[in-house]
Amino acid sequence: MATPSSRRLETSKVQVSTHFLRKREMINQVARYILMLAAIISVLVTVGIVYVLLSEALVFFEQVSVWEFVSSTSWTPMFSRPTFGIWPLLSGTIVVSGIALAVSIPFGLILSVYLSEYANPKVRETVKPILELLEGVPTVVYGYFALIVVTPLLQTFLPGLPGFNMLAPGLVMGIMILPYTTSLSEDAMRAVPNSMREGAYALGYSRFHTATKVVIPAAMSGITAAFILAMSRAVGETMVVAIAAGQMPNFTFNPMEGAATITTFIVQVSMGDVSHGSIAYLSIFAAGMVLFLLTLIFNLIGFYLRKRYRQAY
Amino acid sequence: MKTLSENIKSGIDYASLSRKNRSRDIIFASLGIIVLFIAITTLVALFLDLAVRGAPRLTDPDFYTSFPSRRPLDAGILSAWVGTIMVMLVTAVIAVPLGIAAGLYLEEYASKNWLTDVIEVNVSNLAGVPSIVYGLLALGLFVQTFGMGETVLVAGLVLSLLILPIIIVSTRESIRSIPSELREAAYGLGANQWQTMAMYIIPAAKPGIITGAIVGLSRAIGETAPIITIGALSFIAFLPQSPVSGDFPFISFEWLNSGFTVMPIQMYGWVSRPQADFQITAAAAGVVLIVMTLMMNALAIYIRYRARK
């Protein structure tokens with residue numbers, strides 16, 4: 001299409017090209033470094049978290065022995081003679097997240113198998129937004145629900161249940177993290193290649209057998225990852241427990257009693273009038289460090305397992 | 001190895017076996033529906049309880065225009081919803097550009113080296129850090145070390161750090177879902193990375209990126225724990241300075257340094273009060289909070305649905 005006008009355009013282009021190319025490359029490089037800076041800021045967040053937790057916790061451990069922290073079963077930072085044993089907070093955390101997982105793991109597994117192996121696409125497309133809505137409800141509202149609705153409901157079956165207990169927040173938290181567990185384990189099952197399902201069907205397997213004998217074993221590392229990540233979520237959850245479990249440090253494994261968790265202790269101290277640098281102020285960073293380490297371990301295991309199933313198929 | 005006909009002769013009853021399998025299938029499918037039903041019931045019960053209990057306050061226009069009060073039936077959410085909007089404004093301004101930029105870098109520019117690996121591991125780990133730990137970061141760094149106090153700016157900062165991984169991950173996913181032919185065609189025409197990204201990738205990934213940003217912000221609206229940790233109070237009987245004023249220079253940023261409260265903190269403050277009437281106010285605040293987050297989620301779902309079509 002060598003019309004005179006286009007030929008003129010070509011020659012003029014050649015004249016400006018080096019300038020144009022240099023400018024274009026400069027924009028490209030500037031953009032690269034600006035975007036890179038944004039990505040590096042996300043690393044600085046982690047550095048900031050580790051720095052703050054470590055620096056404050058180190059001051060804390062100058063005043064409290066590490067041995068007392070990991071061995072004592074009494075946590076009374078507000079008393080005139082305070083004791084700092086992490087166990088009462090850990091027991092509360094273990095009980096509440098244990099109940100939540102006891103609800104969320106079987107329910108999540110059933111629901112994800114149902115969605116990935118049984119439900120037709122239409123059902124799946126309507127169910128997913130519902131689960132997303134369930135996930136979108138703020139945690140403080142779930143806390144209200146546990147305290148005002150679920151606890152009185154449980155009290156009709158369990159007359160001795162106190163107003164603040166670990167059972168109600170645990171159950172509510174189980175439903176609350178259900179969308180998370182379901183979507184993660186459904187992802188893992190969807191990653192199982194269809195050829196494996198078809199092979200099972202060709203051998204005369206029913207859907208149930210295909211799911212339990214082929215799909216679940218093949219997706220096992222992904223499903224395990226889902227549950228470990230759910231565990232991390234449950235351990236770090238704050239508001240449901242802070243509202244419905246009473247915030248009193250209590251070394252017990254009885255879900256019928258109220259207790260504090262690591263997270264609710266931090267909330268309790270933050271709501272009160274605690275001066276900067278006092279031992280109670282420092283103790284929330286020590287507790288926060290334990291929480292950070294716990295969830296970090298769960299997350300790393302979870303990510304490792306997820307990466308493995310992604311590579312497998 | 002026996003053949004099928006031998007098996008039938010020797011007495012394996014295929015009809016009953018297949019019946020048994022079918023009934024197992026039905027049992028399992030109904031289990032799935034029951035679990036689904038429990039989840040939906042929880043959602044409905046939660047919302048109905050809040051709406052019924054909070055109805056007396058929700059229908060009172062003063063509820064939206066008055067400050068919190070010692071008398072539960074006079075208490076309103078004015079400072080809370082204004083605070084929420086201001087904090088969300090700060091969060092959106094910081095987190096959305098930062099998250100999108102980081103996501104673009106990781107998908108479009110990052111070469112395979114140690115720095116990229118560090119950033120990727122870091123982002124996936126940050127997504128799993130409990131929100132209250134972000135609160136401790138803000139308390140130790142922004143409030144104490146930098147001496148910024150319990151302000152709108154600090155709350156916006158901590159929430160933006162919290163939702164940064166969500167926005168980064170959703171940006172990357174929506175870029176990855178663009179067919180690679182588009183990118184190759186742009187490179188084939190001589191475009192460089194920046195031109196490819198600005199002219200082809202970003203427009204194509206826009207619905208996904210916007211959805212991710214909205215989902216992130218809707219999570220930030222309901223976050224309570226990190227804001228409690230920085231020391232926000234639930235009893236705030238004033239509003240931050242207006243960002244727009246009649247005098248020169250007409251725009252003021254004083255509100256960034258103002259004390260504040262937000263909807264979830266306000267609700268938490270009322271739930272933990274012993275008087276029964278405060279539960280009504282708390283329920284009403286809960287309805288407003290849920291409506292805020294659900295509206296954002298619905299918007300995100302709608303954008304994604306339209307983009308898929």
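Predicted model, so just to flag it, every value in this text is computed and none were measured.

What about the overall build of chain B?
- When you go through chain B residue by residue, the secondary structure sums to 12 helices and 0 strands.
- Reading the secondary structure of chain B in the N-to-C direction produces α-α-α-α-α-α-α-α-α-α-α-α.
- Radius of gyration (C-alpha) of chain B: 26 Å, far over the 19 Å computed for a compact globule of 309 residues.
- Out of the 309 residues belonging to chain B, those deemed buried represent 51%.

Some words on the pattern of salt bridges
- Summed over all chains, the structure comprises 11 salt bridges over all chains.
- In this structure, E186 of chain A and K128 of chain A form a salt bridge, with 3.2 Å as the shortest nitrogen-oxygen distance. Of this pair, E186 of chain A sits in helix α7 (residues 178-190) while K128 of chain A sits in helix α4 (residues 121-136); the two residues are 58 residues apart in sequence, bridging distant segments of the chain.
- K128 of chain A sits in the partly exposed class, given a relative accessible area of 29%.
- A salt bridge links R53 of chain B to D49 of chain B; the nearest nitrogen and oxygen atoms lie 2.7 Å apart. Within this pair, R53 of chain B and its partner D49 of chain B are both found in helix α2 (residues 14-58), separated by 4 residues, close to a single helical turn.
- Residue classification places R53 of chain B among the partly exposed positions, given a relative accessible area of 31%.
- The network of salt bridges with shared partners includes E107, E120, R172 and R176 of chain B.

Points about the domain arrangement of chain A
All names here are of chain A.
- With domains assigned, chain A is organised as domain 1 (4-63) and domain 2 (87-312).
- For domain 1 and domain 2, the distance between their C-alpha centroids amounts to 38 Å.
- Taken together, the contact between domain 1 and domain 2 spans 11 residues of the former and 9 residues of the latter.
- A combined buried area of about 920 Å² lies between domain 1 and domain 2, and 86% of that area is made up of carbon and sulfur atoms.

Focus: the interface of chain B and chain A
- With 77 residues of chain B in contact, the opposing surface of chain A contributes 76 residues.
- Both faces considered, chain B and chain A share a buried interface measuring about 6900 Å² in area, 76% of it formed by carbon and sulfur atoms.
- For chain B, the biggest contributors to the area lost against chain A are F28, L136 and Y268 of chain B; these three give 9% of the whole.
- The interface formed by chain B and chain A contains 0 salt bridges.
- Along the contact surface separating chain B from chain A lie 15 residue pairs in polar contact (both at pLDDT 80 or more).
- For the side of chain B that touches chain A, the leading source of residues is α2 of chain B, giving 20 residues.

Some details on a nonpolar patch on the surface
Residues and elements named next belong to chain A.
- On the surface, a cluster of nonpolar side chains totalling about 390 Å² of accessible area is made up of W87, I94, F251 and F253.
- Within the element layout of this structure, F251 appears in the loop between α11 (239-244) and α12 (262-271).
- The class for F251 is partly exposed, based on a relative accessible area of 40%.

Things to note about the environment of D74 of chain B
Residue and element names in this part refer to chain B.
- For D74, the location among the structural elements is in the loop between α3 (62-65) and α4 (78-109).
- Residues D74 and D60 lie 14 residues apart in sequence; the distance between their C-alpha atoms is 9.9 Å.
- Residues contacting D74, with those up to four places away along its chain left out, are R57, S66, F67 and S69.

Some details on the nonpolar core
- The biggest cluster of nonpolar side chains holds 196 residues, and the ones touching the most others in it are I49 and V141 of chain A together with L50, Y134, F260 and M267 of chain B.
- In terms of residues, this core owes the most to one element, α4 of chain B, which gives 17 residues.
- Apart from residues lying up to four places away in sequence, M267 of chain B is in contact with V140, V141 and Y144 of chain A together with L50, A282, A285 and G286 of chain B.

Some thoughts on empty space enclosed by the protein
- This structure, assessed with the given rule, holds 2 cavities of 30 Å³ or more.
- Considered as a void within the structure, the largest cavity measures approximately 40 Å³ in volume.
- If you trace the largest cavity, you find it lined by T84, V87, M88, L159, A220, I221, E223, I227, V262 and P264 of chain B.
- Looking at the lining of the largest cavity element by element, the count peaks at 3 residues for α4 of chain B.
- Of the residues in the lining of the largest cavity, the class split is 8 nonpolar, 1 polar and 1 charged.
- Estimates place the volume of the second largest cavity at around 40 Å³.
- T93, V96, S97, M173, A234, V235, E237, V241, T261 and T263 of chain A are the residues that line the second largest cavity.
- For the lining of the second largest cavity, the secondary-structure elements that each account for two or more residues are α3 (87-118) and α10 (220-236) of chain A.
- Grouping the constituent residues of the lining of the second largest cavity by class yields 5 nonpolar, 4 polar and 1 charged.

Each value, and the rule that gives it
Residues numbered from 1 in each chain as written. Chains lettered and ligands numbered in written order. Predicted model: local features only at pLDDT ≥ 70, side-chain atom pairs only at ≥ 80, totals over all residues. Heavy atoms only, no water. Helix = DSSP H or I, 4+ residues; strand = E, 2+ residues; numbered from the N terminus. Rg over C-alpha atoms; globule rule 2.2 N^0.38 Å. Buried < 20%, exposed > 50% of the residue type's maximum accessible area, 1.4 Å probe, protein only. Salt bridge = Lys/Arg side-chain N within 4 Å of Asp/Glu carboxyl O. Domains from an automatic or database assignment. Contact = heavy atoms within 4.5 Å. Buried area = accessible area lost by both parts, 1.4 Å probe. Polar contact = N/O pair within 3.5 Å; in protein donor to acceptor, adjacent residues only side chain to side chain. Patch = residues over 30% accessible without salt bridge, like charges linked within 9 Å, V, L, I, M, F, W, Y side chains within 5 Å. Areas by Shrake-Rupley, 256 points an atom, 1.4 Å probe, with all protein chains shown as cover. Core = buried A, V, L, I, M, F, W, Y, C linked by side-chain atoms within 4.5 Å. 1 Å grid on protein atoms, 1.4 Å probe; cavity = no way out; pocket = protein on both sides within 12 Å on 5 of 7 lines; lining within 4 Å. Points joined across faces, edges and corners; volume = space filled by probe spheres on them. Nonpolar A, V, L, I, M, F, W, Y, C, P; charged D, E, K, R; others polar.

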